[in-house]
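Notes for the structure review
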Amino acid sequence: IAMHGVADEVLPVGPTRDAVATMKERGFSVELLEYAGVAHAVSGPMRERLYTLIGKALLAEAGK
């Protein structure tokens, strides 16, 4: 999963979109979460989503 602020002028979202599309074409399971109005920073909603994803991954790993 990739996360990117749409308003990022330091690292524009376009190349990330291209990379995700290429990975999908090559068979990878990948998702791009775009955050409108977010520049070159990790916003609160991005951080919350990241923590949720990490928590789910840790629980899945612990259940193995």
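Shown above is the structure to which this text applies.
Keep in mind that this is a model prediction, so the values were computed, not measured.

Definitions and cut-offs
Residues numbered from 1 in each chain as written. Predicted model: local features only at pLDDT ≥ 70, side-chain atom pairs only at ≥ 80, totals over all residues. Heavy atoms only, no water. Helix = DSSP H or I, 4+ residues; strand = E, 2+ residues; numbered from the N terminus. Rg over C-alpha atoms; globule rule 2.2 N^0.38 Å. Buried < 20%, exposed > 50% of the residue type's maximum accessible area, 1.4 Å probe, protein only. Contact = heavy atoms within 4.5 Å. Areas by Shrake-Rupley, 256 points an atom, 1.4 Å probe, with all protein chains shown as cover. Polar contact = N/O pair within 3.5 Å; in protein donor to acceptor, adjacent residues only side chain to side chain. Expected span 1.5 Å × (residues − 1). Arc of directions from axis to C-beta.

1. Focus on the overall build of the chain
Looking only at helices and strands, one finds two helices and two strands in the chain. Tracing the chain from N to C terminus, the helices and strands come up as β-α-β-α. Whereas a compact globule of 64 residues would reach a radius of gyration of roughly 11 Å, the chain reaches 14 Å, over 25% beyond that. When the backbone C-alpha atoms are referred to their principal axes, the chain occupies close to 40 × 30 × 15 Å. Of all 64 residues assigned to the chain, the portion counted as buried reaches 22%. Across the chain, the fraction of contacts at a sequence separation of at least 24, relative to all contacts at a separation of at least 6, is 60%. Per element, the accessible surface of the chain, about 4700 Å² overall, is 60% carbon and sulfur.

2. Description of the environment of Ser-29
By the element assignment, Ser-29 lies in the loop between α1 (13–25) and β2 (32–35). Since its relative accessible area comes to 80%, Ser-29 is described here as exposed. Linking Ser-29 and Arg-17, residues twelve residues apart in sequence, is a C-alpha distance of 14 Å.

3. Description of the side chain of His-4
Position of His-4 among the secondary structure elements: in strand β1 (residues 2–5). Discounting chain neighbours no more than four positions away, the residues touching His-4 are Leu-11, Pro-12, Val-13, Thr-16, Leu-32, Leu-33, Glu-34, Tyr-35 and Met-46.

4. Observations regarding the side chain of Asp-8
You can see Asp-8 is positioned in the loop between β1 and α1. Looking at Asp-8, its side chain comes within polar contact range of the side chain of His-40, at 2.9 Å. In this structure Asp-8 touches Val-38, Ala-39 and His-40, once residues within four positions along its chain are discounted.

5. What about α1?
For α1, which comprises 13 residues, the first-to-last C-alpha distance of 18 Å matches the rise-based estimate of 18 Å (1.5 Å per residue) to within 8%. The complete set of buried residues in α1 reads Val-13, Thr-16 and Val-20. Projection of α1 onto a plane perpendicular to its axis shows the buried side chains occupying an angular sector of 60 degrees, all on one side. Of the exposed residues in α1, those oriented more than 90 degrees away from the buried face are Pro-15, Asp-18 and Glu-25. On its buried side, α1 packs onto β1 and β2. Remark: Gly-27 follows α1 within two positions and exhibits a positive phi of approximately 95 degrees.

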